[in-house]
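So the chains spell out like this:
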Amino acid sequence: MDVHSPKIRSFNMSRIRGGHTKPEIFLRRLLWHCGYRYRLHRKDLPGTPDIVFPSRKKVILVHGCFWHKHNCRFFKWPQTNPVFWKKKIQENCRRDRKAYAKLSRSGWHYNVVWECQLKGDRLHRTLSKITDFLEPTTPPPKGNFL
């Protein structure tokens, strides 16, 4: 059972945007303070990555746990309109897989950071893994999921 009326739920959903999300902005600020410089939302790259490091040919995709079906406590299948949501979320996952493959084929290394990894005690470990991914000393695997 939804805790909001359909009108309020509709209003809330209309405010959700694809870019410049809170987790993405939070990660960008952390990276900036660590001295990393980047570009945002390069439309010429598959999947329009959130954070792009052109000179390193590396990208970071910041995924919301609900919208991209992460296996964590933040993802639960909605009870209302389940057919719509299952189709919507599965299509998001399918589009993600295609973007990962295209990025790899074009020589780009990518890293997926999940919204839940930027919260609480996981933040320090996540930032450490991102730093390892960005450092040029060791070539990372093309698809590195944190």
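Is there a simple way to explain the overall build of the protein chain in this structure?
Looking only at helices and strands, the protein chain features four helices and five strands. Counting helices and strands in the order they occur from the N terminus, the protein chain gives α-α-β-β-β-α-β-α-β. Out of the 146 residues in the protein chain, the part that is buried amounts to 38%. Across the protein chain, every contact between residues at least 6 apart in sequence was considered, and the portion connecting residues at least 24 apart equals 56%. Carbon and sulfur atoms form 56% of the exposed surface of the protein chain, whose accessible area is close to 9,500 Å².

Looking at this structure, how should I read the pattern of salt bridges?
Opposite charge on two side chains permits them to pair, given that their charged atoms come into close proximity. This model, assessed by the stated rule, comprises four salt bridges. Arg28 is the salt-bridge partner of Glu24, the closest N and O atoms lying 2.8 Å from each other. Taken as a pair, Glu24 and Arg28 lie in helix α2 (residues 22–33) at a separation of four residues, close to a single helical turn. Classification of Arg28 as buried rests on a relative accessible area of 13%. Where Arg94 meets Glu91, a salt bridge forms, and the shortest distance between an N and an O atom there is 3.1 Å. Placement of both Arg94 and Glu91 in helix α3 (residues 82–105) is noted, with a separation of three residues, approximately one turn of the helix.

Can you help me understand the side chain of Asp50 in this one?
As for its position among the elements, Asp50 is in the loop between β1 (39–40) and β2 (51–53). We note that Asp50 is buried and unpaired, the nearest opposite charge coming from Arg28 at a distance of 7.0 Å. With near-sequence residues (within four places) excluded, Asp50 lies in contact with Glu24, Arg39, Leu40, His41, Ile60, Leu61 and Val62.

Quick question: what am I supposed to make of the environment of Leu127 here?
In this structure, Leu127 sits in helix α4 (residues 123–134). Sequence separation between Leu127 and Leu27 is 100 residues; the distance between their C-alpha atoms is 8.6 Å. Residues contacting Leu127, with those up to four places away along its chain left out, are Leu30, Leu31 and Cys34.

Whenever I open this one, the packing of aromatic side chains confuses me. Can you help?
For any pair of aromatic rings, the description rests on two quantities: the centre-to-centre distance and the angle between the ring planes. Applying the stated rule across the entire model yields 10 aromatic pairs. Between the aromatic rings of Trp32 and Tyr38, the centroid separation amounts to 5.8 Å while the plane-to-plane angle is 80°, which identifies the pairing as edge-to-face. Residue class for Trp32 comes out partly exposed when judged on its relative accessible area of 42%. Under the relative-accessibility criterion, Tyr38 is labelled buried at 13%. Pairing Phe84 with Trp85 gives two aromatic rings, centres 5.0 Å apart and planes at 80°, and the pair type is edge-to-face. The exposure class of Phe84 is partly exposed, given its relative accessible area of 42%. Through successive ring pairs, a cluster of aromatic residues spans Phe66, Trp67, Phe75, Trp77, Phe84 and Trp85.

Cut-off values and rules
- Residues numbered from 1 in each chain as written.
- Predicted model: local features only at pLDDT ≥ 70, side-chain atom pairs only at ≥ 80, totals over all residues.
- Heavy atoms only, no water.
- Helix = DSSP H or I, 4+ residues; strand = E, 2+ residues; numbered from the N terminus.
- Buried < 20%, exposed > 50% of the residue type's maximum accessible area, 1.4 Å probe, protein only.
- Contact = heavy atoms within 4.5 Å.
- Areas by Shrake-Rupley, 256 points an atom, 1.4 Å probe, with all protein chains shown as cover.
- Salt bridge = Lys/Arg side-chain N within 4 Å of Asp/Glu carboxyl O.
- Lys, Arg positive; Asp, Glu negative; His and termini not counted.
- Phe/Tyr/Trp six-rings, centres within 6.5 Å; stacked < 30°, edge-to-face > 60°.

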